[in-house]
Amino acid sequence: MSMSKRQRNLLLKILRDCILDVFGDLGYDRKEETKEIIRKSVYLSEDDPGQWGGEIVINHEQGLPGTYESRMSEKWFTVQDEAEKRFNAETRLVNSFHLEPVNGAITAVYVDI
């Protein structure tokens, strides 16, 4: 069973919120600047020119820490767990949810419902 457009957009919002909650300001001066970096970096896979797969793509070239960075990997696990919890609370659909690094610049988000 695949996700509806509404479900993918909900997941996108939840994932962006979790990244902001876990990583905070990312070292930028203003919260709005951080939100803009997250908005540009986290998008639906259907909008991804690289066609990396998954439901959502996280592009680390816009200023988000990479999932391969050892000091950041624990934070990415927290993002993954929190996003799964929030999405499941809203939809009760998730069997499996995970972030999968594709390479140093891209992470794909997969959801099995």
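Here, the structure is the one placed above.
For the structure given in this document, a descriptive report is provided here.

Conventions and cut-offs
- Residues numbered from 1 in each chain as written.
- Predicted model: local features only at pLDDT ≥ 70, side-chain atom pairs only at ≥ 80, totals over all residues.
- Heavy atoms only, no water.
- Axes fitted to C-alpha atoms, helices over the stretch in contact; angles between N-to-C directions.
- Helix = DSSP H or I, 4+ residues; strand = E, 2+ residues; numbered from the N terminus.
- Parallel < 35°, antiparallel > 145°, perpendicular 65-115°, else oblique.
- Left-handed = near helix turned anticlockwise from the far one by under 90°.
- Contact = heavy atoms within 4.5 Å.
- Buried < 20%, exposed > 50% of the residue type's maximum accessible area, 1.4 Å probe, protein only.
- Lys, Arg positive; Asp, Glu negative; His and termini not counted.
- Salt bridge = Lys/Arg side-chain N within 4 Å of Asp/Glu carboxyl O.
- Polar contact = N/O pair within 3.5 Å; in protein donor to acceptor, adjacent residues only side chain to side chain.
- Arc of directions from axis to C-beta.

## Observations concerning the packing of helix H1 (residues 5-23) against helix H2 (residues 31-41)
And step 1. Where H1 contacts H2, the two axes come as close as 10 Å, and the packing angle between them is 135 degrees. Here H1 is positioned oblique relative to H2, judged by the angle of their axes. Once H1 is placed against H2, the crossing between them reads as right-handed. Residues Arg16, Ile19 and Leu20 of H1 pack against Lys31, Thr34, Lys35, Ile38 and Arg39 of H2.

## Thoughts on the side chain of aspartate 48
And step 1. Structurally, the position occupied by aspartate 48 is in the loop between strand S1 (42-44) and strand S2 (56-59).
And step 2. Of the side chains with opposite charge, arginine 16 comes closest to the buried, unpaired aspartate 48, at an N-O distance of 12 Å.
And step 3. Looking at aspartate 48, its side chain comes within polar contact range of the main-chain nitrogen of tryptophan 52, at 2.9 Å.
And step 4. Excluding residues that lie within four positions of it along the chain, aspartate 48 makes contacts with Tyr43 and Val57.

## Quick word on H2
And step 1. Of the residues making up H2, those classed as buried are Thr34, Ile37, Ile38 and Ser41. The buried residues of H2 occupy an angular sector of 95 degrees when projected down its axis, which confines them to one face.
And step 2. Looking at the buried residues of H2, the elements they touch are H1, S1 and S2.

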